[in-house]
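Here are the chains, one letter per residue:
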Amino acid sequence: MGGPGYVSAYFHRSGCSRVYESGPTGFVLARYLQTAGISCVITASSKLLRAPGDRIKTDRRDARVLAEMLAVGSVTEVRIPDPEEEALRDLSRLRSGTARDLAHARRHLNAILLRHGIRYPKETRWTKEHSLWLHRQRFEEPALQFT
């Protein structure tokens, strides 16, 4: 039970307006509903009006807020990207996150080496030569060597 087909069947017989927040599940459901001829508004969660200090998020509260906003016409609609554009967005986000993770790992490694008084003798780091130098470093503590 569940999935786009189940949701589509429910929407065909319910006769209601439809809205949901864009999120980690992407736009598969929205495209499915469009193909089935069911209109649905997708909104960005960042555009939803929230009271200051309102940090409690539950599906029930979110559904009520979305329904109320849709009823008064204050939902900011998000354009549904085609699958190719969504794939490119995913790739871009993944690349950006990976670059951020790599920079963090490099800073962390540099900090560990500095804490133990180990300094790379040359100006340029993160070259093939620097990588070989890193692999030659040895520590007495097994946990530190593993790190």
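All values reported here derive from a predicted model rather than from experimental measurement.

## Looking at helix α3 (residues 59-72)
Then step 1. Over its 14 residues, α3 extends 20 Å from the first C-alpha to the last, a length consistent with the 20 Å expected when each residue adds 1.5 Å.
Then step 2. Residues D62, L66 and M69 constitute the buried set of α3. Across the axial projection of α3, the buried residues extend over an arc of 70 degrees, all falling on one side. Exposed residues pointing more than 90 degrees away from the buried face of α3 are listed as R60, A71 and V72.
Then step 3. On its buried face, α3 is in contact with β1 (19-21) and β2 (41-43).
Then step 4. Looking at the residues trailing α3, positive phi occurs at G73, about 75 degrees.

## Notes on the packing of aromatic side chains
Then step 1. Evaluated as defined, the whole model comprises one aromatic pair.
Then step 2. Ring geometry for Y120 and W133: centres 5.0 Å apart, planes at 65 degrees, overall edge-to-face. Within this pair, whereas Y120 is found in the loop between α4 (83-115) and α5 (128-136), its partner W133 is found in helix α5, the two being separated by 13 residues in sequence.
Then step 3. Exposure remark for Y120: the relative accessible area of 11% places this residue in the buried category.

## A word on α4
Then step 1. End to end, α4 covers 48 Å across 33 residues, agreeing with the expected 48 Å (1.5 Å per residue, within 8%).
Then step 2. A positive backbone phi angle near 70 degrees is found at G117, which sits one or two residues after α4.

## Here's the deal with the pattern of salt bridges
Then step 1. Within this structure, the stated rule accounts for five salt bridges.
Then step 2. Note that R89 is salt-bridged to E85, the shortest N-O span being 3.5 Å. Pair noted here: R89 and E85 are both in helix α4, with a separation of four residues, about one helical turn.
Then step 3. Taking relative accessible area as the criterion, R89 reaches 30% and is therefore assigned partly exposed.
Then step 4. As a salt-bridge pair, K122 and E129 come within 2.4 Å of each other at their nearest N and O atoms.
Then step 5. Salt bridges linked by common partners bring R79, E85 and R89 together as one network.

## Details of the side chain of R31
Then step 1. Tracing the sequence through the fold places R31 in helix α2 (residues 28-35).
Then step 2. When its relative accessible area of 18% is taken as the criterion, R31 is described as buried.

## Points about the environment of D90
Then step 1. Relative to the assigned elements, D90 resides in helix α4.
Then step 2. When the C-alpha atoms of D90 and G26 are compared, they prove to be 9.6 Å apart, with 64 residues separating the residues in sequence.

## Remarks on the nonpolar core
Then step 1. Y20, F27, A30, L33, I38, C40, I42 and I80 together form the largest nonpolar core, which totals eight residues.
Then step 2. Those residues within four positions of A30 in sequence are excluded, and the remaining contacts are Y20, I42 and I80.

What counts and how
- Residues numbered from 1 in each chain as written.
- Predicted model: local features only at pLDDT ≥ 70, side-chain atom pairs only at ≥ 80, totals over all residues.
- Heavy atoms only, no water.
- Helix = DSSP H or I, 4+ residues; strand = E, 2+ residues; numbered from the N terminus.
- Expected span 1.5 Å × (residues − 1).
- Buried < 20%, exposed > 50% of the residue type's maximum accessible area, 1.4 Å probe, protein only.
- Arc of directions from axis to C-beta.
- Contact = heavy atoms within 4.5 Å.
- Phe/Tyr/Trp six-rings, centres within 6.5 Å; stacked < 30°, edge-to-face > 60°.
- Salt bridge = Lys/Arg side-chain N within 4 Å of Asp/Glu carboxyl O.
- Core = buried A, V, L, I, M, F, W, Y, C linked by side-chain atoms within 4.5 Å.

By themselves, these figures tell us nothing about what the structure is for.
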